[in-house]
Amino acid sequence: MKILVCISHVPDTTSKINFTDGDSKFDTNGVQFVINPNDEFGLTRAMWFKEKQGATVHVVNVGGAETEPTLRKALAIGADEAIRVDAPATDGFSVAKQLANVVKEGGYDLVIGGRESIDYNGGMVPGMVAKLTGANFINTCIGLEIDGTTATATREIDGGKETLRAELPLVIGGQKGLVEESDLRIPNMRGIMQARKKPLNVKEAVDANAETEAVHFAKPAPKGDVKLVETVDELVDLLHNEAKVI
Amino acid sequence: MSILVYTESEEGKYKKIAQEAVSFARGIADKMDMSVTAVAINGGDASELEKCGANKVLQVKDDALKNFNAAAYADVLAQAAKKEEAKVVVVSSSANAKFLAPLLAVNLDAGYVPNVSELPESTSPFKVKHSVFTNKAFATTEIKTDIKVVGLAKNAYGVHENHADATIEDFAPELSSDDYNVETVSVDKATDKVTIADAEIVVSGGRGLKGPENWDMIEEMADILGAATACSKPVSDMGWRPHSEHVGQTGKPVASNLYIAIGISGAIQHLAGINASKTKVVINNDPEAPFFKAADYGIVGDAFEVVPKLNEKLKEFKAQNA
Ligand SMILES: Cc1cc2nc3c(=O)[nH]c(=O)nc-3n(C[C@H](O)[C@H](O)[C@H](O)COP(=O)(O)OP(=O)(O)OC[C@H]3O[C@@H](n4cnc5c(N)ncnc54)[C@H](O)[C@@H]3O)c2cc1C
Ligand SMILES: Nc1ncnc2c1ncn2[C@@H]1O[C@H](COP(=O)(O)O)[C@@H](O)[C@H]1O
């Protein structure tokens, strides 16, 4: 089985979010970038397939050279090969087009992406890749088993879960549950050393127009101070008469 | 030309998000001088959509579409969009809507923006404001394609009554066997509980509650308020509560009207999941707990004393305001 894990390179969850250039760009100053958490769950599940069922695992990112340390980390976790498509990640659609090209050329059976990137929260790239390549698609995956060419996936829905079945080739949007946090692997010295020798291929971009463009950013208005109350009577009164939420 | 809107229902009853989506579509339609066409797949009573401003309801009745199926539903919407010459397609932020939207967008060559919180700032060029960085910021994004797909953020716009007389039309899209390649094996859903996704009020407990045996008072508050229950991550990690209740950056997002946090410190990863909630209340015995900085109302006190008193007061309040 050939697996491709799509890796989005995002600010660490504790990053301060600021903008520059007249609030038109994300300020990367002092920001630590990591593998998108949803993708890390997917990558770890891919390693499980590799070890238990036999698979080659490639990772891919669409982005500039600054994302390479993130791809190296994925190699250190155990992926066999990394691909960086040398194109700016302008919008979900243009990224999906680049990825679809990689998927078609590589003939992957399973493409694992995340439910969403925690930066722009698009939640669209994996679905678009599926549609562009004609593969089946299952989103918000919290469990995935492969038996021959058949995939059985558990999917989170609002208020529960459901089990779906589909033939490969399949694209998933994954999240926590594919593996648990305790299954995540911190790269060890040996992994890091090996990762340096593994191939990281830079691939030229294909033509792909962005369909959307973020033109301006803003932070939510600063919140007023908390109103501290002494009694539950006061609280219920405020919730009813001031906040009007009960 | 029209604004198309996907209306979700369950067992023949429209969900609140369906009415919100129609209200939002109505708002866009008024700005663009267009009509609103709602697509209802095995839907409910059309007057509920009419009430929010739908001019036309396309009713799809098909047993093969009984279970949600992203590929097939996306195809239904794409065909409806073409038939209605839709310029904008509005979907909600439910798990199902987010599943089908990217498929629909590619099918229609449409740019897609999710988590939109307000009516478009302008319609030509078409610019929408949406939340990014897990509600830590907003972006204004221009959609440059002829057709646009817009995902309405949870609990952001509300239901606006704006009656239109709708024509109701049966619609039978042409679906192919490829639309059924992903097969539903089973659905496992608690129907008797308010879910975090749908809830207007969420009552949430953290490690400060000491153990699972102390959740009775949380459940009781949720019962009184018709709220969903939730928890912080360590609470679900320790198995005190099910994983489906875990809220935060790595758990579920909450966009309720009221979020009551009891014995939760307010770590940045927890707050990331609840930023979109409107009013936040914190009950914590440590006045230095970071949650107080993020909350609107707070009581500094021991949950084991405050919560039972609050439950009594809420019961009294509900009895008076029933
Ligand atoms: C990558 C990453 C992702 C994470 N994702 C999430 C996430 O999605 N969601 C999440 O919740 N966390 C997440 N966390 C964990 C987060 O950092 C905190 O550790 C966690 O939110 C703390 O949970 P808590 O507030 O229940 O517990 P604690 O931090 O232990 O806080 C307990 C609180 O209860 C108060 N308390 C104690 N006794 C009482 C009493 N008798 N009455 C009233 N109050 C009392 C205390 O003052 C304290 O403030 C993540 C962490 C990391 C590193
Ligand atoms: N620039 C990118 N390179 C590779 N994969 C990406 C990129 N952007 C998004 N993805 C994948 O698509 C998923 C959803 O991203 P998004 O649609 O941006 O929220 C991510 O979790 C990744 O798996």
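Because the structure is predicted, anything quoted here is derived from the model rather than measured.

Considerations on the pairing of strand S6 (residues 56-62) of chain A
It is a general feature of regular strands that their side chains alternate between the two faces of the sheet.
Residues and elements named next belong to chain A.
Right, so step 1: S6 sits mainly inside the fold: 6 of its 7 residues count as buried.
Right, so step 2: Direction of pairing for strand S1 (residues 2-6) relative to S6: parallel, over a ladder of 5 bridges. Within S6, the position partnered with Val5 by the bridge is Val59.
Right, so step 3: Here 5 bridges tie S6 to strand S7 (residues 81-86), and the two strands are oriented parallel to one another. Each bridged residue has a counterpart across the sheet, and for Val59 the counterpart in S7 is Ala82.
Right, so step 4: The parallel pair S6 and S7, bridged by helix H2 (residues 68-77), forms a crossover whose chirality is right-handed.

So, the site of ligand 2
All names here are of chain A.
Right, so step 1: Lining the immediate environment of ligand 2, one finds 20 residues, of which Cys6, Asp39, Ser117, Gly123 and Met124 sit closest.
Right, so step 2: In the model, an oxygen atom of ligand 2 is placed 3.0 Å from a nitrogen or oxygen of the Gly114 main chain.
Right, so step 3: The contact in question runs from an oxygen atom of ligand 2 to an N or O atom on the backbone of Gly122, over 3.2 Å.
Right, so step 4: The fraction of the free accessible surface of ligand 2 (480 Å²) that becomes covered by protein chains is 93%.

Re the environment of B:Val300
Right, so step 1: Looking at where B:Val300 falls in the secondary structure, it is placed in strand S18 (residues 297-300).
Right, so step 2: Residue class for B:Val300 comes out partly exposed when judged on its relative accessible area of 37%.
Right, so step 3: In this structure the C-alpha to C-alpha distance between B:Val300 and B:Pro212, which are 88 residues apart in sequence, comes to 22 Å.
Right, so step 4: Discounting residues that sit within four places of it in the chain, B:Val300 has contacts with A:Leu228, B:Asn284, B:Asn285, B:Pro287 and B:Phe292.

As for the domain arrangement of chain B
Interface size is often expressed as the accessible area that is lost when the parts come together.
All names here are of chain B.
Right, so step 1: Taken as a whole, chain B is organised into domain 1 (2-180) and domain 2 (201-320).
Right, so step 2: Taking only C-alpha atoms into account, the centre of domain 1 sits 33 Å from that of domain 2.
Right, so step 3: Together, the buried faces of domain 1 and domain 2 total about 640 Å²; carbon and sulfur atoms form 40% of this surface.
Right, so step 4: Three residues, Thr134, Asn135 and Asn155, lead the burial of domain 1 against domain 2; their summed loss comes to 68% of the area buried on that side.
Right, so step 5: The tally of links between domain 1 and domain 2 comes to 0 salt bridges.
Right, so step 6: Where domain 1 meets domain 2, there are 3 residue pairs in polar contact (both at pLDDT 80 or more).
Right, so step 7: Residue classes in the side of domain 1 that touches domain 2 are distributed as no nonpolar, 3 polar and 2 charged.

A closer look at the pattern of salt bridges
Right, so step 1: In the structure shown here, the tally under the stated rule is 30 salt bridges over all chains.
Right, so step 2: In this structure, A:Arg155 engages A:Glu162 in a salt bridge whose closest nitrogen and oxygen atoms are separated by 2.6 Å.
Right, so step 3: Taking the relative accessible area as the measure of exposure, A:Glu162 reaches 6% and is therefore buried.
Right, so step 4: When the shortest N-O distance is used, the salt bridge between B:Lys56 and B:Glu169 registers 3.4 Å. One end of the pair, B:Lys56, is in strand S5 (residues 56-60); the other, B:Glu169, is in strand S12 (residues 167-170), and 113 residues separate them in sequence.
Right, so step 5: When salt bridges with common partners are traced through the structure, they connect B:Lys56, B:Lys83, B:Glu84 and B:Glu169 into a single cluster.

Overview of the interface of chain A and chain B
Right, so step 1: Facing the 67 residues of chain A at the interface are 80 residues of chain B.
Right, so step 2: In terms of surface lost to chain B, no three residues of chain A exceed A:Asp158, A:Arg165 and A:Glu211, which account for 10% of the buried area on that side.
Right, so step 3: At the junction of chain A with chain B, the criterion picks out 5 salt bridges.
Right, so step 4: Connecting chain A to chain B are 27 residue pairs in polar contact (both at pLDDT 80 or more).
Right, so step 5: Counting residues per element, the ones that place at least two in the side of chain A that touches chain B are helix H4 (125-133), strand S9 (136-147), strand S10 (150-157), strand S11 (160-167), strand S14 (212-218), strand S15 (227-228) and helix H6 (232-242) of chain A.

Section: the packing of aromatic side chains
Each aromatic ring pair is characterised by the separation of its centres together with the angle its planes make.
Right, so step 1: In this structure the tally under the stated criterion is 13 aromatic pairs over all chains.
Right, so step 2: Consider the rings of A:Trp48 and A:Phe49, whose centres lie 5.6 Å apart with planes at 80 degrees: the pair is edge-to-face.
Right, so step 3: Judged by centre distance (5.3 Å) and plane angle (75 degrees), the ring pair of A:Phe137 and B:Phe99 falls under edge-to-face. On the criterion of chain membership, the pair formed by A:Phe137 in strand S9 and B:Phe99 in helix H4 (residues 95-107) is interchain, its members lying in two chains. Residue A:Phe137 shares its accessibility class with B:Phe99, and that shared class is buried.
Right, so step 4: Among the aromatic residues, ring-to-ring pairing joins A:Phe19, A:Phe26, A:Tyr120, A:Phe217 and B:Phe133 into one connected group.
Right, so step 5: Note that A:Arg45 overlies the ring of A:Trp48, its terminal NZ or CZ placed 4.0 Å from the centroid.
Right, so step 6: In this structure, B:Lys129 is placed above the aromatic ring of B:Phe138, and the distance from its NZ or CZ to the ring centre is 4.6 Å.

Parameters and conventions
- Residues numbered from 1 in each chain as written.
- Chains lettered and ligands numbered in written order.
- Predicted model: local features only at pLDDT ≥ 70, side-chain atom pairs only at ≥ 80, totals over all residues.
- Heavy atoms only, no water.
- Buried < 20%, exposed > 50% of the residue type's maximum accessible area, 1.4 Å probe, protein only.
- Helix = DSSP H or I, 4+ residues; strand = E, 2+ residues; numbered from the N terminus.
- Pairing = 2+ DSSP bridges.
- Right-handed = clockwise from strand over helix to strand, strands pointing away.
- Near = heavy atom within 4 Å.
- Polar contact = N/O pair within 3.5 Å; in protein donor to acceptor, adjacent residues only side chain to side chain.
- Areas by Shrake-Rupley, 256 points an atom, 1.4 Å probe, with all protein chains shown as cover.
- Contact = heavy atoms within 4.5 Å.
- Domains from an automatic or database assignment.
- Buried area = accessible area lost by both parts, 1.4 Å probe.
- Salt bridge = Lys/Arg side-chain N within 4 Å of Asp/Glu carboxyl O.
- Nonpolar A, V, L, I, M, F, W, Y, C, P; charged D, E, K, R; others polar.
- Phe/Tyr/Trp six-rings, centres within 6.5 Å; stacked < 30°, edge-to-face > 60°.
- Lys NZ or Arg CZ within 6 Å of the ring centre and 35° of its normal.

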